[in-house]
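Spelled out from the first residue to the last, the chains are:
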Amino acid sequence: MRRTWAGIAAVVITVAAGAVFVGSRTGGAVAEQPLDLARGGLLYVDESGRVRQDDRVGPSCQRVDVAAGTLACLRATAVPDQAELVVTKPGAGPRTISEWGTPSRVRVSPSGRLVGWTVFRSGDSYLGGAGTFSTTAGIFDLDTGSHYGSLEDFALTVDGKPYPAEDLNYWGVTFARDDRTFYATVRSAGGTWLVRGDLRGRTLTALRRNVECPSLSPDGTRVAYKFREGDRWRLHVLSLADGRDVPLADPAHLDDQPQWLDDRTVAYGRDKAIHAVPADGTGAPVVVRPAASSPAVVR
Amino acid sequence: MYVSSVRSTGPALPGGRAKHAVPATVVGLGVVSLITDMSAEMVTAVLPLYLVYGLGVGYLQLGAIDGLYTGATALLRLAGGYFADRLGRPKAVALVGYGLSAATKLAFPAAGSSLGAIGLVIGADRAGKGIRTAPRDAMITLATPDGGLGRAFGVHRAMDTAGALLGPIIAFGLLTVLVGDYPAVFGVSFCLAVIAVIVLAVFVRAPAGAVERSRVRLRAGFALLRQPGLRGTCLAAAALGVCTVGDMFLFVGVQQSAGLPPGALPLLPLATALAFMALASPIGRLADRVGRWKVFLAGHVVLLAAYVVLAASAVGWAVAAVVLAAHGVFYACTDGVLMAHASPLVPESLRATGLAFVQTGQSLARAAGAVVFGALAAGTALRPAFALFAVVLLVSVLAGTRVK
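Residues numbered from 1 in each chain as written. Chains lettered and ligands numbered in written order. Predicted model: local features only at pLDDT ≥ 70, side-chain atom pairs only at ≥ 80, totals over all residues. Heavy atoms only, no water.

Another aspect to go through is the state of the cysteines. Overall, the coordinates contain 1 disulfide over all chains when judged by the stated rule. The disulfide partner of A:Cys61 is A:Cys73, and the gap between their sulfur atoms is 2.0 Å. Taking the sign of the torsion about the S-S bond as the criterion, the disulfide between A:Cys61 and A:Cys73, at about -110°, is left-handed. Placement of A:Cys61 in the loop between strand S3 (56-60) and strand S4 (63-67) and of A:Cys73 in strand S5 (residues 70-76) is noted, with a sequence separation of 12 residues between them. Judged on exposure class, the residue A:Cys61 and its partner A:Cys73 are both buried. Note on B:Cys234: no disulfide assigned, nearest cysteine sulfur contributed by B:Cys243 at a separation of 16 Å. Overall, the relative accessible area of 12% leaves B:Cys234 in the buried class. (Disulfide = S-S within 2.5 Å. Helix = DSSP H or I, 4+ residues; strand = E, 2+ residues; numbered from the N terminus. Buried < 20%, exposed > 50% of the residue type's maximum accessible area, 1.4 Å probe, protein only.)

What follows is the structure, given as structure tokens:
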């Protein structure tokens, strides 16, 4: 009899401990605060998966980007293998786009009109070896409501010829100022290319091999990207005018889409922290923000 | 009928008093399994396993992963069964297994960022499952009169599966309330696992038959296999196991032939589990009446029919429903029924060891089947691979009818 009561007591204590634990997680959750997207400064995703701007705590996102007051937040939903992109543009209500897949990249065009995203359809990032993963990249025009569902529907040209392969994966969209030109990565038959896209003509042109996750500089003259050497990627900056290519001063393996803090500095997530390094190949990497990822700059 | 002719020490149960046919120990173990599966499946549901298993990994790797997980616990099953008999304390050994799995729930958040570490933690969790399975099944048989074994196992498996169904619901409910708070999921999972251990330790009576410590050596365990009845069962179960394709392949086959989006893949096991849960108890009872081995073989015939449907690549939601229902029937006809069939063939003092042999043979064979199917599907395609496995499964079922 005493044993039974001891058992009941133990179960009750465990249930209470569990309830207190879950309750503490609910109580500890900070209510979402409005972000100041006119003021400038760095946005990032903290360890608990919330967007932060200084001491303000924003929405839950895995990836975030911001431009001209438009905030784009890409996050996983409670439903397995599903992602949603929540976009808020000044003067309009939030807009949600659902996608099958897990969040990977998100970008807003400098004017705040276009959003581009990438999700992994299968193969968690690069698990399972090269060529076994599958991504989907899309673009949405907030002004016209046009949904460019997947870049796979665009016409791709490689080495001046149409490239009709089926095994195309696109990721890492970055926008130019004209709200028409964009850059992205395509992978096919084991090779990756930097492609330049034209939204109006629905065309893509391969520019350069071994370029992944491009990020256009604010002045639009250079692209920061990961250069692939075997299974390792290193941060480089490519000058679009003359094709000059500079490896940056962080030789470490990188798996992120870089972000320009300004025209001279490139930031990126590595080892659970946001680092920054000069864009001209000089200097050394510094930690901008520990315990953070997905840097975005309010401009 | 041949079962009761082998050994019929238990009192025959009158059919009308089925309410009393399932002993309290079995219900208690069912509750423990229900809570434990709830705990385990809520973690599995949120781990990126569906990505590892996803279509992008390649059939060969998919087969290897499936095979590894199915086969990894084989040795520990034998160890768990052996120690349960050797110490004469199946409950204590089962407690070790449940306790180990409970402890691993705390390790998941720490392993979160590294896939290798997650693999290790999952390995420890599976080890706990391996250790506890044979002693737990031995306790079910020791507590149940022979005539009601099929029903007892059916009830236990139905409760077990109910927990597996509830787990993901709890996990996604928590994730919805506490947006993206994975540590909360692991915390609740740990609490549930601890409660299951407490329930087992305090409220489940160890069956009286197991108290006597048997001085078995491993050799005595292997000697069991010289007994024609058990050896035939082991060999036939293994032969049939090699002809199964592995759950993930079946789900991938269903997803492709029915033209479902890849995102539906994680939901397909739920359909199988629902059918299994609903049918485990009635089919177990049926097995007690018409013969457990017959029902075991019939389950494989149903699985064979599912393979034929997938090989014929009939398209549509109805096909998916039929195949998943058949898969659930297959589990209801085979999972507990095989244990119910095998246990009267093993002397009480070696019950856990004997059952561990049967389970190990079957799970190793199923693991091998998944690997072979993976290689075959990688070399050709899913459809011809299903067709070939349908043929070899038919041959094995025919051979299996000769087991007495």
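With 98 residues, the main nonpolar core has B:Val245, B:Leu250, B:Val254, B:Tyr307, B:Phe373, B:Phe386 and B:Leu393 as its most contacted residues. With 14 residues, the top contributor of residues to this core is helix H15 (residues 317-342) of chain B. Listed in part, the 20 residues of the second largest apolar core include A:Ala137, A:Ile139, A:Tyr170 and A:Trp193. (Core = buried A, V, L, I, M, F, W, Y, C linked by side-chain atoms within 4.5 Å.)

Moving on: the sheet that holds strand S26 (residues 292-298) of chain A. All names here are of chain A. The 4 strands are arranged S3-S2-S1-S26 in an open sheet whose pairing can be described as antiparallel. For this open sheet the edge positions go to S3 and S26, each flanked by a neighbour on one side alone. Put simply, the sheet's adjacent strands are angled 25° from each other on average, direction ignored. Taken together, the 2 bridges between strand S1 (residues 41-46) and strand S2 (residues 50-53) define a ladder with antiparallel strand orientation. Each bridged residue has a counterpart across the sheet, and for Val45 the counterpart in S2 is Val51. (Pairing = 2+ DSSP bridges. Axes fitted to C-alpha atoms, helices over the stretch in contact; angles between N-to-C directions.)

This part is about a nonpolar patch on the surface. A cluster of nonpolar side chains, namely A:Met1, A:Trp5, A:Ile8, A:Val12 and B:Phe203, defines an oily patch on the protein surface of about 550 Å² accessible area. With 3 residues, the top contributor of residues to the nonpolar patch is helix H1 (residues 2-28) of chain A. As for its placement among the helices and strands, A:Ile8 is situated in helix H1. (Patch = residues over 30% accessible without salt bridge, like charges linked within 9 Å, V, L, I, M, F, W, Y side chains within 5 Å. Areas by Shrake-Rupley, 256 points an atom, 1.4 Å probe, with all protein chains shown as cover. Salt bridge = Lys/Arg side-chain N within 4 Å of Asp/Glu carboxyl O.)

Let us look at the packing of helix H12 (residues 247-257) of chain B against helix H13 (residues 268-290) of chain B. Residue and element names in this part refer to chain B. Relative orientation of the contacting elements H12 and H13 amounts to 115°, with a least axis distance of 10 Å. As far as their axial angle goes, H13 and H12 are roughly perpendicular. Considering the relative orientation of H12 and H13, their crossing is right-handed. Seen from H12, the contacting residues are Phe251, Val254 and Gln255; seen from H13, they are Leu268, Pro269 and Thr272. Per-class residue counts for the contact of H12 with H13 are 4 nonpolar, 2 polar and no charged. (Parallel < 35°, antiparallel > 145°, perpendicular 65-115°, else oblique. Left-handed = near helix turned anticlockwise from the far one by under 90°. Contact = heavy atoms within 4.5 Å. Nonpolar A, V, L, I, M, F, W, Y, C, P; charged D, E, K, R; others polar.)

Note that every value here comes from positions in space, so none of it alone points to a role or purpose.
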